[in-house]
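# Secondary and tertiary structure notes
Read off the chains here:
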Amino acid sequence: ADRLSQLVDQVYGNPTDYQGFSLAVATACFAVQIYCDFSGYSDMAVGSAQMMGFRLTENFRRPYHATSITDFWRRWHISLSTWFRDYVYIPLGGSRVSSYRRYLNIMAVFVVSGLWHGANWKFLVWGALHGAYMVFGQISLPLRERFAAILGLTSYPRVRRLWQTLATFTLVAFAWIFFRANSIGDAIYIARSLPTGWSIILDPAHMSDTLFGLGLPKSEFFLALEMIAILECGHLLQSKGNVRRMLAKRPLILRWAAYSALLWIVFLFGVFRHKEFIYFTF
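Residues numbered from 1 in each chain as written. Predicted model: local features only at pLDDT ≥ 70, side-chain atom pairs only at ≥ 80, totals over all residues. Heavy atoms only, no water.

## A look at the pattern of salt bridges
Applying the stated criterion across every chain yields a total of 7 salt bridges. Close ionic contact of K275 with D9 constitutes a salt bridge, the shortest N to O distance being 2.9 Å. Here K275, found in the segment after α12 (252–269), pairs with D9, found in helix α1 (residues 2–13); they are 266 residues apart in sequence, far enough to count as distant. The shortest N-O distance in the salt bridge between R61 and E58 comes to 3.0 Å. Residue classification places E58 among the partly exposed residues on the basis of a relative accessible area of 38%. (Salt bridge = Lys/Arg side-chain N within 4 Å of Asp/Glu carboxyl O. Helix = DSSP H or I, 4+ residues; strand = E, 2+ residues; numbered from the N terminus. Buried < 20%, exposed > 50% of the residue type's maximum accessible area, 1.4 Å probe, protein only.)

In structure tokens form, the structure reads like this:
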């Protein structure tokens, strides 16, 4: 998270200096940064509490593996999304009302969620975007199912899941623009500029110079990619069961070898300059 923040801070600090390719890279990096940052300190809290005998609620469940926006919010910031469901959505009538009223309830929940992060237009737009995503997803579900059947995707569930995951990540990352931008004006500029400047990918040398001029040197950029790969390996293990319980069944020497390896990765490759957790702002 802190390594990627160097790139994100440089681009989002002066967005008008950049075009679509650079803005898209920074936005994707922020999506990973905020997940690693927020999920990381949530896991620290859960683990620290468990050592003292308390079991806290899981707060993240591989959210970028979600296949829809609804699925994403079952996996992201679970404690907050559950609270909004129980104390805002259900008291408003939840799903026990007409379709029109249900869509209004969904929009109300996400607008309030945006305002919870701050009385600012950019957070309001971020929340409204997620509400609109979810409403459109419910309305368009029959059409999308029919379209998938026509394309034959129902016969290839893995291909379909990959497509759904990529589409969901793209929508979530686009909404993150409004969350991360320093102002609503910056966010609008970034959103409008995303389609521009992609001819750079036709010139590998120019693209390389641009990519490694965004705040992360080449070695640091590839190290960040390697860390993301390790993270995804962890996610793969998590999808097969509880990692801590898996380790607990292994011999003592293997367990401590795994723990030591993870600690050495932190010591050798961690970023130790002072950087506040993103959600400490809220």
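## Some thoughts on the packing of helix α5 (residues 99–117) against helix α6 (residues 121–151)
Orientation of α5 relative to α6, taken along the N-to-C sense of each, is 155°, at an axis distance of 7 Å. Considered as vectors, α5 and α6 are oriented roughly antiparallel to each other. Crossing handedness for the pair α5 and α6: right-handed. Along its contact with α5, which presents R102, Y103, I106, M107, F110, V111, S113, G114, L115 and H117, the element α6 presents F123, L124, W126, G127, A128, H130, G131, A132, M134, V135, Q138 and I139. (Axes fitted to C-alpha atoms, helices over the stretch in contact; angles between N-to-C directions. Parallel < 35°, antiparallel > 145°, perpendicular 65-115°, else oblique. Left-handed = near helix turned anticlockwise from the far one by under 90°. Contact = heavy atoms within 4.5 Å.)

## Focus on unusual backbone geometry
Even without glycine at this site, R62 takes up a positive phi of about 50°. Within the fold, R62 resides in the loop between α2 (20–51) and α3 (69–75). Here the phi dihedral of H77 falls at roughly 45°; this positive angle occurs in a residue that is not glycine. Structurally, the position occupied by H77 is in the loop between α3 and α4 (78–89). Relative accessible area serves as the criterion here: at 8%, H77 is assigned to the buried category.

## Considering the nonpolar core
In terms of nonpolar packing, the biggest core is built from 57 residues, with L7, I34, Y64, W73, W76, W176 and F179 touching the most fellow members. Residue contributions to this core peak at 11 residues, all from α2. Beyond its immediate sequence surroundings of up to four residues, I34 is in contact with S39, Y64, W76, W176, F179, I278 and Y279. (Core = buried A, V, L, I, M, F, W, Y, C linked by side-chain atoms within 4.5 Å.)

## Considerations on the state of the cysteines
Following the criterion strictly, the structure yields 0 disulfides and no others. With no disulfide of its own, C29 lies closest to C36 among cysteine sulfurs, the gap being 11 Å. Taking the relative accessible area as the measure of exposure, C29 reaches 10% and is therefore buried. A residue is classified by how much of its surface remains accessible, and C36, at 25% relative accessible area, is partly exposed. (Disulfide = S-S within 2.5 Å.)

## Description of the layout of surface pockets
Its boundaries defined by the atoms lining it, the second largest pocket holds a volume of some 620 Å³. Forming the walls of the second largest pocket are 22 residues, and the residues nearest its centre are T67, S68, R144, Q164 and T168. When residues of the lining of the second largest pocket are traced back to their parent elements, those giving at least two are α3, α6 and α7 (157–180). The element that contributes the greatest number of residues to the lining of the second largest pocket is α6, accounting for 11 residues. Looking at side-chain class alone, the lining of the second largest pocket contains 12 nonpolar, 7 polar and 3 charged residues. (1 Å grid on protein atoms, 1.4 Å probe; cavity = no way out; pocket = protein on both sides within 12 Å on 5 of 7 lines; lining within 4 Å. Points joined across faces, edges and corners; volume = space filled by probe spheres on them. Nonpolar A, V, L, I, M, F, W, Y, C, P; charged D, E, K, R; others polar.)

## Digging into a positive patch on the surface
Together, R55, R244, R245, K249 and R250 give the surface a local cluster of positive charge. Relative to the assigned elements, R55 resides in the loop between α2 and α3. Exposure remark for R55: the relative accessible area of 65% places this residue in the exposed category. (Patch = residues over 30% accessible without salt bridge, like charges linked within 9 Å, V, L, I, M, F, W, Y side chains within 5 Å. Areas by Shrake-Rupley, 256 points an atom, 1.4 Å probe, with all protein chains shown as cover. Lys, Arg positive; Asp, Glu negative; His and termini not counted. Charge placed at Lys NZ, Arg CZ, Asp CG, Glu CD.)

## As for the packing of aromatic side chains
Each aromatic ring pair is specified by the distance between its two centres and by the angle formed by the two planes. Taken as a whole and judged by the stated rule, the model has 33 aromatic pairs. Relative to W176, the ring of W126 has its centre 5.8 Å away and its plane inclined at 20°; by these criteria the two rings are stacked. One end of the pair, W126, is in helix α6; the other, W176, is in helix α7, with 50 residues separating them in the sequence. W126 gets classed as buried once you look at its relative accessible area, which sits at 1%. Between W256 and Y259, the aromatic rings sit 5.4 Å apart at their centres with planes inclined by 85°, giving edge-to-face as the arrangement. (Phe/Tyr/Trp six-rings, centres within 6.5 Å; stacked < 30°, edge-to-face > 60°.)

## Observations regarding a nonpolar patch on the surface
Together, L263, W264, V266, F267, L268, F269 and F272 line one region of the surface with nonpolar side chains, adding up to about 780 Å² of accessible area. Mapped onto the elements of the fold, V266 is located in helix α12.

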